[in-house]
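Listed below, chain by chain, are the residues.
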Amino acid sequence: MKTFVCIKYVPDTSEAVVKINAGGTAVDSSRFSFDINDADNYAVEEAVLIKEKCGGTVTVLSIGPKESEVMIRMALAKGCDDAIRIEDERIALYDPLMVAKTLAGAIKGQEFDLVLTGCMASDDGQMATGVALAEYLGVPHAAMVKKVEMLDGKVKVQRELEGGLMEVLELELPAVLTIQTGINEPRYAPIRGIRAAQKKELKLVNLDDLGLAASEVDSSASKIVLEKLYIPEVASTAEVIEGSDADEKAEKLASILVKGGLV
Amino acid sequence: MRGMMMSENQTFTEKFDLLGCIQCGRCTGGCPVTARSNLNIRRFVYDAYHEEALEELARLAEIWDCTACHTCAVRCPKGLKPLEVLIGLRTMVIESGKTQPTVRDALESVFREGNPWEKARATRCDWMEGLEVKIAQPDTAVENLFFVCCTIAYDPRVQVIAKNLVRLLNAAGVDYGFIDDGESCCGSEVYTLGEDGLFEMIVEDNTEFLNEFQAARIVTLSPHCFTTYNRHYPDLNKPVIHYTQLLAELLDQGRLTWEGGLEKKIVFHDPCYLGKQGGIYDEPRRVLQEIKGAKLLEFGRARERSLCCEGGGGKMWVETESKKERLAETRIKDAKALGAEIVAVACPFCLLTLEDAVKSLGFEEEMRVAEIMELLGELGGGN
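Residues numbered from 1 in each chain as written. Chains lettered and ligands numbered in written order. Predicted model: local features only at pLDDT ≥ 70, side-chain atom pairs only at ≥ 80, totals over all residues.

Caption draft 1: A look at the packing of helix α3 (residues 96-107) of chain A against helix α4 (residues 129-137) of chain A. Residue and element names in this part refer to chain A. At a minimum axis separation of 8 Å, α3 and α4 run at an interaxial angle of 50 degrees. With respect to α4, the axis of α3 lies oblique. Two packed elements cross with a definite hand, and for α3 against α4 that hand is right-handed. Contacts between α3 and α4 involve Pro96, Leu97, Val99, Ala100, Lys101, Leu103, Ala104 and Ile107 on the former and, on the latter, Thr129, Ala132, Leu133, Tyr136 and Leu137. A per-class count over the contact of α3 with α4 returns 11 nonpolar, one polar and one charged. (Axes fitted to C-alpha atoms, helices over the stretch in contact; angles between N-to-C directions. Helix = DSSP H or I, 4+ residues; strand = E, 2+ residues; numbered from the N terminus. Parallel < 35°, antiparallel > 145°, perpendicular 65-115°, else oblique. Left-handed = near helix turned anticlockwise from the far one by under 90°. Contact = placed C-beta atoms within 7 Å. Nonpolar A, V, L, I, M, F, W, Y, C, P; charged D, E, K, R; others polar.)

Caption draft 2: Region of interest: helix α17 (residues 348-361) of chain B. Residues and elements named next belong to chain B. Across its 14 residues, α17 extends 20 Å between first and last C-alpha, which sits within 8% of the 20 Å expected from 1.5 Å per residue. With respect to burial, α17 is a largely interior element, 10 of its 14 residues being buried. Every buried residue belonging to α17 is among Pro348, Phe349, Cys350, Leu351, Leu352, Thr353, Leu354, Glu355, Ala357 and Val358, and all of these are buried. Summarising the contacts, the buried residues of α17 are in contact with α9 (150-154), α10 (159-172), α13 (223-232), α16 (327-338), β7 (342-345) and β8 (368-371). Just past α17, the residue Gly362 takes up positive phi, approximately 75 degrees. (Expected span 1.5 Å × (residues − 1). Buried ≥ 20, exposed ≤ 12 C-beta atoms within 10 Å, placed from the backbone.)

Caption draft 3: Structural detail: the pairing of strand β7 (residues 141-150) of chain A. Direction of pairing for β7(A) relative to strand β10 (residues 175-179) of chain A: parallel, over a ladder of three bridges. Bridged to Ala142(A) within β10(A) is Leu177(A). (Pairing = 2+ DSSP bridges.)

Caption draft 4: A look at the packing of α16(B) against α17(B). All names here are of chain B. At a minimum axis separation of 8 Å, α16 and α17 run at an interaxial angle of 75 degrees. Put simply, α16 runs roughly perpendicular to α17. Together, Ala328, Glu329, Arg331 and Ile332 of α16 and Thr353, Leu354, Asp356, Ala357, Val358, Ser360 and Leu361 of α17 make up the contact between the two elements. In terms of residue class, the contact of α16 with α17 is built from six nonpolar, two polar and three charged.

Caption draft 5: Representation of unusual backbone geometry within the structure. Here the residue pair Leu173(A) and Pro174(A) is connected by a cis peptide bond, since its omega of 0 degrees sits within 30 degrees of zero. As for its position among the elements, Pro174(A) is in the loop between β9 (166-172) and β10. In this structure, His70(B) is a non-glycine residue whose phi angle is positive, near 80 degrees. Structurally, His70(B) is set in the loop between α5 (54-58) and α6 (71-75). With 25 C-beta atoms counted inside 10 Å, the residue His70(B) sits in the buried group. At Cys149(B), a residue that is not glycine, the phi angle is positive and equals roughly 100 degrees. Of note, Cys149(B) is situated in the loop between β1 (142-147) and α9. Its 27 C-beta neighbours within 10 Å are what place Cys149(B) among the buried residues.

Caption draft 6: Up close: the sheet that holds β10(A). All names here are of chain A. One open sheet accounts for nine strands, arranged β9-β8-β7-β10-β6-β1-β4-β5-β11; its pairing is mixed. At either margin of the open sheet sits one strand with a lone partner, and together these are β9 and β11 (202-205). Within this sheet the neighbouring strands show an average axis-to-axis angle of 35 degrees, counted without direction. In this sheet, strand β6 (residues 114-118) lies alongside strand β1 (residues 2-7) in parallel orientation, the contact comprising four bridges. Bridging from a neighbouring strand, Val5 pairs with Leu116 of β6.

Caption draft 7: Local environment of α10(B). All names here are of chain B. The end-to-end C-alpha distance of α10, which contains 14 residues, comes to 20 Å, matching closely the 20 Å that a straight helix rising 1.5 Å per residue would cover. Buried residues along α10 sit in contact with α9, β2 (176-178), α14 (243-252), α17, β8 and α18 (372-378). The positive-phi residue at the C-terminal boundary of α10 is Gly173, with phi of around 65 degrees.

Caption draft 8: Summary view of the environment of Glu283(B). Residue and element names in this part refer to chain B. Mapped onto the elements, Glu283 comes out in helix α15 (residues 282-289). Linking Glu283 and Glu310, residues 27 residues apart in sequence, is a C-alpha distance of 23 Å. Not counting residues within four places of it along the chain, the set of residues in contact with Glu283 comprises Thr244, Gln245 and Ala248.

Caption draft 9: A look at the sheet that holds strand β6 (residues 295-297) of chain B. Residues and elements named next belong to chain B. Pairing is parallel in the open sheet, where four strands are placed in the order β6-β5-β7-β8. The sheet terminates laterally at β6 and β8, the two strands that pair on one side only. Strand after strand, the sheet turns through a mean of 35 degrees between neighbouring axes, direction not considered. The pairing of β7 with β8 spans four bridges and is parallel. Note on β8: the bridge partner recorded for Ala344 is Ala370. Sheet strands in contact with α15 are β5 (265-268), β6 and β7, and its direction is about 170 degrees off that of β5.

Caption draft 10: A look at the interface of chain B and chain A. Facing 19 residues of chain B, the contacting portion of chain A comprises 16 residues. Elements that contribute at least two residues to the side of chain B that touches chain A include exactly α7 (83-96), α8 (101-113) and α12 (196-211) of chain B. For the side of chain B that touches chain A, the leading source of residues is α8(B), giving six residues.

Caption draft 11: The environment of Ile241(B), seen in detail. By the secondary structure assignment, Ile241(B) is in strand β4 (residues 240-242). Setting aside its immediate chain neighbours within four residues, Ile241(B) contacts Arg217(B), Val219(B) and Leu246(B).

Caption draft 12: Representation of the domain arrangement of chain B. Residue and element names in this part refer to chain B. Annotation of chain B at the domain level lists domain 1 (2-96), domain 2 (102-250) and domain 3 (256-378). Distance from the C-alpha centre of domain 1 to the C-alpha centre of domain 2: 29 Å. Listed per partner, the contact involves six residues of domain 1 and five residues of domain 2. (Domains from an automatic or database assignment.)

Below you can see the structure in the form of structure tokens.
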């Protein structure tokens, strides 16, 4: 069983003050903490669980800066076998199709059974990379996967749909699965494990090494233009409910909710 | 899992000197956690002698109930540290990777951002905004180098400790410097959670980082940092004191005075990491006695007999399964029985756990929990 797991190094913007850079098309990330994308963390764990059960190897694949190697080493410490980090400023990273094409370029030509990705990146939320990757590799895919069962030459998956509905699919291998959070409980990478993982191979490559022409994945190849990022103005619609006691305030609140058709 | 424990060419029995134990049971007799948990520390010391039983022992939930208060170590007539057996078992769990998600996230955060609270390193000094804080430079000599602590730096409830201390230091003309956002976790909770490898790395990095500063001494705001630096950093090139020691010193020199007073009955709760583990009992009381109008009370269980608040030992990230009364609630009930209006503490964890207990017991009208720096900040008139 040969598995690739694609992971992304993303900023935690949940609590930080987000500022837009002067150019208007990037965020000032100097005060953010960065970590593995949440769903990708579950994909790593699932890849390691499959390896522990079925044998084989897991290769980590990521497009990111030097700083992201901490994240890659943690994945290696958890049981992945080797890693490829792609760094090339020519890639149009805002376009998931260009990202997927680059990742496919790193996988193509190698034998593989499974490619796992997170179902969504927390920074741009496109939910497209994994699916597009399957297209570029010419293999079937399943998105939002909550359960994986390896069969002979096939994989049986359960997908999470709206309203708590689950869909069961059987896919022929090789296949791409985009993994939903909660599928497992990601393990901790102890520091001794991370140190030991320093011995595992982490290859740095650029587009030329992958045999990809920049014109295939740069902004000229993309059919999307990133126009601008902006923070919406806060509308002042908050209303403080006045009243002499809790009963009076609750009554006013209830009437607002009723009038607004909210209850 | 055991392979990891044997990697240092020492068996579990040798590492924790298990054969030194005479099974007298004073550890379990003194352990405050037994009031609400099945934890029997004497039994663990006995069972851990059987190396083949270690994996099973490491799976028991109660190894996470220990608060690392050190009562067992203080009472052991043979000078052993029974709690470290539990830490050793926790290490086995941590190194297997299969730990509680909350513990995993805290440890990963220490590794990546230098704090267990999953906050960005770049925001570590945001609490300083609006204050005149002198920042220490490695090449400029300073008498007191302040080490803030992750919890005080990031938790809005306890940042007041650092803020009021800065105001006091400025007013008293103390020669000091705070560390910028290069400050990293001392590793106190990393050590007690059993992440040996990470703790080793932290000790190495912090020793190198702190030794660069030309300071006469390091002053910590949290007793956890204070005890960790004093016990686990053999190569640190300067002494480490707790801030209450500095305040007592300034009082002796007549450099601290307050105009205002506080007509309240105050009882001081000895933090385990300051008292039992650091031997500092008198300095915090000395400071509180200086507050005009304050009447200082004493708990029945004071000083080395102080009851643990359950905030240490990594317990901020591991919930005990027991539904029995929390020790912090027991402590607050004791304070109420004494007639105390303020429970004064000198530790951010004690502040958080005891304050929660006041709320859960519904005693907010009658009493409050306050850190010493918080009280001093309220005296008004400043210095």
